[in-house]
Amino acid sequence: MTSVHLEVAEGVGTIRLDRPPMNALDIALQDRLKELAEEATRRDDVRAVIIYGGEKVFAAGADIKEMQAMDHTAMVVRSKALQDSFTAVARIPKPVVAAVTGYALGGGCELALCADFRIAADNAKLGQPEILLGLIPGAGGTQRLSRLVGPSKAKDLIFTGRMVKADEALTMGLVDRVVPAAEVYEQAHQWAARLAQGPALALRAAKEAVDAGLETDIDTGLAIERTWFAGLFATEDRERGMRSFVEEGPGKAKFL
């Protein structure tokens, strides 16, 4: 039985984790997640993406029993594939929002970090508890978390393994919005659907310019921005957007 699905409607693709009761991220789910992230990347009918674990839990982390059976050699082989599955989500060149309900721990928190925007339920709990297993985060947590919230806050979470509730996660910048639990998916869908109507190439350019710029110095980042900015002048979306602005005023352009 497939443990993660991609459902597409009206330009929004929902990657839905479905491995009850806690959406433990076993190897099969990791591999399928990578496949679906790559599919969402390729498909023209997917213009924005939601990562969702269901009404009760986002993902409570890796499958510890599966990991316990692995020795050093096995994990040397597997760790690259683990990171690649999450990186495939982070590199979807379209707006991605995580709809976080319940627990988002360990790999679940790392998966949420791969999104561009995170909407959390008011009962959500997030954290990187790997240190309690004698480990560190292995699916991007030490890197993406520190880039998002800063090194001191990241080290607090990683060193202690503590969970943070939604309100603290919002304060530290780990999530971007907190809403009642029953509204998480609806709010995420509204965010994604709005952007699905936007200029796809410009959104891709904006995402890649921000993400690539964060990994380099300011001069190189400005060069990346400049290249994308000029390149968009060759697109139909740019023509459509500027023509609409001149003829109808701002914010009325309709993009295909």
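Strand order in this open sheet of three strands is S5-S7-S8, and the pairing throughout is mixed. At either margin of the open sheet sits one strand with a lone partner, and together these are strand S5 (103-105) and strand S8 (163-165). Going from strand to strand, the sheet's axes swing by 20 degrees on average, the running direction of each strand aside. With three bridges joining them, S5 and strand S7 (residues 125-127) adopt parallel strand pairing.

Next up on the list: the pattern of salt bridges. Taken as a whole and judged by the stated rule, the model has 15 salt bridges. Measuring nitrogen to oxygen at the nearest pair gives 2.7 Å for the salt bridge that ties Glu38 to Lys34. Linking Glu38 with Lys34, this pair stays in helix H1 (residues 27-42), spanning four residues, or about one helical turn. Take Lys34: its relative accessible area is 29%, and that puts it in the partly exposed class. The shortest N-O distance in the salt bridge between Asp116 and Lys207 comes to 2.9 Å. Of the two residues, Asp116 sits in the loop between helix H4 (107-113) and strand S6 (117-121) while Lys207 sits in helix H9 (residues 200-214), which places them 91 residues apart along the sequence. Judged by its relative accessible area of 31%, Asp116 is partly exposed. Taken together, the salt bridges that share partners define one network made up of Arg19, Asp26 and Asp63.

Rules behind the numbers
Residues numbered from 1 in each chain as written. Predicted model: local features only at pLDDT ≥ 70, side-chain atom pairs only at ≥ 80, totals over all residues. Heavy atoms only, no water. Pairing = 2+ DSSP bridges. Helix = DSSP H or I, 4+ residues; strand = E, 2+ residues; numbered from the N terminus. Axes fitted to C-alpha atoms, helices over the stretch in contact; angles between N-to-C directions. Salt bridge = Lys/Arg side-chain N within 4 Å of Asp/Glu carboxyl O. Buried < 20%, exposed > 50% of the residue type's maximum accessible area, 1.4 Å probe, protein only.

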